[in-house]
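An overview of the molecular structure
What follows is the residue order along each chain.
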Amino acid sequence: MSTLQPASERAVGIDAPLLEVRNLVVRYGKKGPAAVDDVSFTIARGETLGLVGESGSGKTTIGRAILGLQTVTSGQILFEGRDITKARAAERRSLQGDLRAVFQDPFSSLNPRRPIGDALTEPLRVAGVPRTEREQRAREVLDAVGLAPGSETRFPRQFSGGQRQRISIARALVTDPRLVVCDEAVSALDLSTQAQVLNLLADLRAGTDLGYLFIAHDMAVVEFLAQRVVVLNRGRIVEQGRTGEVMRNPQHHYTRVLMAASPVPDPDEQARRREAWRALKASAAAPAA
Ligand SMILES: Nc1ncnc2c1ncn2[C@@H]1O[C@H](COP(=O)(O)OP(=O)(O)O)[C@@H](O)[C@H]1O
Ligand SMILES: [Mg+2]
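Note that this is a predicted model, so its numbers are computed, not measured.

The rules behind the values
Starting from 1, residues in each chain are numbered consecutively following that chain's sequence as written. Each chain is given a letter, starting from A, and each ligand a number, starting from 1, according to the order in which they appear as written. Residue-level local features of this predicted model are given only where pLDDT is at least 70; pairs of side-chain atoms are given and counted only at 80 or more, and the full residue set underlies all totals for whole chains, interfaces and linings. No hydrogens and no water enter the side-chain calculation; it runs on all heavy atoms of the structure. pLDDT measures how confident the predictor is about each residue, on a scale from 0 to 100. We call two residues in contact whenever any of their non-hydrogen atoms come within 4.5 Å of each other. For helices the rule is a DSSP run of H or I covering at least 4 residues; for strands it is a run of E covering at least 2, with both sets numbered from the N terminus onward. Fitted lines through C-alpha atoms give the axes, limited to the stretch in contact for helices. The angle between two N-to-C directions lies from 0 to 180 degrees. Our angle categories are set so that under 35 degrees counts as roughly parallel, over 145 as roughly antiparallel, 65 to 115 as roughly perpendicular, and the remainder as oblique. Here a crossing is taken to be left-handed if its near helix is turned anticlockwise relative to the far helix by less than a right angle, and right-handed if that turn runs clockwise. Throughout this entry, Asp, Glu, Lys and Arg are counted as charged residues, while Ala, Val, Leu, Ile, Met, Phe, Trp, Tyr, Cys and Pro are counted as nonpolar. The remaining residues, Gly among them, count as polar. Should DSSP find at least two bridges between two strands, the strands are regarded as paired. Whether a residue is near a molecule or strand is decided by its heavy atoms; if any one of them lies within 4 Å of it, the residue is near. The term polar contact refers here to a pair of N or O atoms within 3.5 Å; inside protein, the definition further demands a hydrogen-donor-capable atom paired with an acceptor-capable atom, and it admits residues adjacent in sequence only when both atoms are side-chain atoms. Throughout, the Shrake-Rupley method with a 1.4 Å probe supplies accessible areas, and for residues the shown protein chains are the sole cover considered. The term salt bridge refers to a side-chain nitrogen of Lys or Arg lying within 4 Å of a carboxyl oxygen of Asp or Glu. Classification of residues uses two cut-offs on accessible area relative to the type maximum, computed with a 1.4 Å probe and protein chains only: under 20% is buried, over 50% is exposed, and between them is partly exposed.

On to the confidence of the model for the chain, then. Mean pLDDT over the chain works out to 88, with 86% of the residues at or above the 70 mark. Low confidence marks residues 1-12, where pLDDT is under 50. Its contacts with residues over four positions away, or in another chain, come to one contact.

If you want it as structure tokens, here you go:
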């Protein structure tokens with residue numbers, strides 16, 4: 001390939017998707033099936049892509065590979081056109097502000113002995129942001145996720161599960177990232193808290209070009225937030241498309257099974273759940289007060 005590229009090709013990074021995953025394969029150990037097998041998808045700027053599949057289908061492995069926490073067997077991961085598949089520590093550090101994560105259990109990633117303000121300012125300290133600026137920014141993001149002024153001096157145990165998840169969202173956003181990988185970010189929350197946190201995630205991206213890779217085993221949760229969805233079964237993509245179309249007209253049997261599995265078995269609980277989702281969608285569709 002020529003080193004002298006026409007301008008139209010050199011500019012490709014600018015037009016490149018926010019994230020591109022190409023033929024990703026991840027194998028744990030030398031034998032056995034690949035946990036992730038030839039997975040390809042893209043995320044555009046400002047887009048939310050849902051990644052859905054039952055437990056063990058490879059969702060977390062994909063998220064970890066993107067975040068540089070899992071070695072890739074083969075394939076490529078490109079962030080804004082730049083190949084980060086094998087990014088070394090220094091390059092990963094340079095990505096830290098742009099590419100962030102929210103996990104299922106915020107308690108495990110918050111130091112119980114430190115006020116939560118520390119967790120919020122830490123990524124900024126690493127980036128060399130001066131102290132008064134990072135404290136100011138921490139207060140801003142806490143406000144953005146709906147936590148009271150002064151929260152930064154309190155400790156993780158002083159918050160509820162939903163509040164702690166707001167804190168981890170604040171920590172993800174404090175660096176003003178381009179992409180946030182949310183891995184089962186609302187799965188541990190009760191239904192009404194789930195709805196609040198999903199609405200918060202939707203509010204935070206509104207009017208920005210923030211992208212999410214939104215990983216969940218629950219189709220209903222993905223349907224609420226994601227414009228497009230990738231359905232994963234045993235490490236392979238079985239279906240992908242616009243969320244509404246996939247939900248209305250699933251092409252693959254496994255997708256139908258997942259959709260059927262999304263509600264809970266108890267019919268009363270299922271009815272409550274359906275009602276809650278209807279209300280959630282209605283509230284999100286309504287113009288902001
Ligand atoms: N650290 C690991 N070592 C070996 N196998 C693993 C490891 N992590 C995940 N796996 C296996 O990889 C597959 C995909 O797991 P995972 O990515 O966690 O799926 P999901 O997030 O969809 O539940 C599963 O079969 C799981 O047992
Ligand atoms: Mg997982």
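Let us keep going from here.
Although it is not a glycine, Asp176 adopts a positive phi angle of roughly 60 degrees. Relative to the helices and strands, Asp176 resides in the loop between α8 (161-173) and β7 (179-183).

A word on the packing of helix α6 (residues 116-126) against α8. Two numbers describe a pair of packed helices, the interaxial angle and the distance between the axes. Here α6 crosses α8 at 20 degrees, and the two axes come no closer than 8 Å. Classified by the angle their axes make, α6 and α8 are roughly parallel. At the point where α6 passes α8, the crossing takes the right-handed sense. The residues of α8 that touch α6, namely those facing Ile116, Ala119, Leu120 and Pro123, are Ile167, Ala170 and Arg171. Of the residues that constitute the contact of α6 with α8, the class distribution is six nonpolar, no polar and one charged.

Here we come to the sheet that holds strand β1 (residues 19-26). Strand order across the open sheet formed by four strands is β2-β1-β4-β5, with antiparallel pairing between neighbours. Every interior strand has two partners, whereas the edge strands, β2 (36-43) and β5 (82-83), have only one. Sheet analysis places strand β4 (residues 74-79) next to β5, joined by two bridges and oriented antiparallel. The partner of Phe79 across the bridge, within β5, is Arg82.

Every residue lining ligand 1 is accounted for by Tyr28, Ala35, Glu54, Ser55, Gly56, Ser57, Gly58, Lys59, Thr60 and Thr61. Here Tyr28 contributes a side-chain N or O atom positioned 3.3 Å from a nitrogen atom of ligand 1. Between Gly56 and ligand 1, the recorded distance is 2.6 Å, taken from a backbone N or O atom to an oxygen atom. Starting from 560 Å² of accessible surface for ligand 1 in isolation, the protein chains cover 53%. For the shell around ligand 1, the class distribution of residues is two nonpolar, six polar and two charged.

Take the pattern of salt bridges next. Applying the stated criterion across every chain yields a total of 11 salt bridges. Residue Arg178 is joined to Glu80 by a salt bridge in which the shortest nitrogen-to-oxygen separation is 2.7 Å. Of this pair, Arg178 sits in the loop between α8 and β7 while Glu80 sits in the loop between β4 and β5, placing them 98 residues apart in sequence. Here Glu135 makes a salt bridge to Arg131, at a shortest N to O gap of 3.3 Å. Of this pair, Glu135 and Arg131 both sit in helix α7 (residues 131-144), four residues apart, roughly one helical turn. Take Arg131: its relative accessible area is 57%, and that puts it in the exposed class. Through salt bridges with shared partners, a single network forms among Arg45, Glu80, Arg178 and Asp209.

So, about the sheet that holds strand β6 (residues 99-102). Taken in spatial order, the six strands make up an open sheet running β6-β7-β8-β3-β9-β10, and their pairing is mixed. The open sheet is flanked by β6 and β10 (236-242), the only strands paired with a single partner. For this sheet, the mean angle separating the axes of adjacent strands, direction not counted, is 15 degrees. Where β7 lies against strand β8 (residues 211-216), five bridges are found, and the strand directions are parallel. If you follow Asp183 over to β8, its bridge partner there is Ile215. Of the strands in this sheet, β6 and β7 touch α8, which is tilted by about 175 degrees from β6.

As a further point, take the environment of Glu223. Here Glu223 is to be found in helix α10 (residues 219-225). Distance from Glu223 to Arg242, taken between C-alpha atoms, is 9.8 Å for residues 19 residues apart in sequence.

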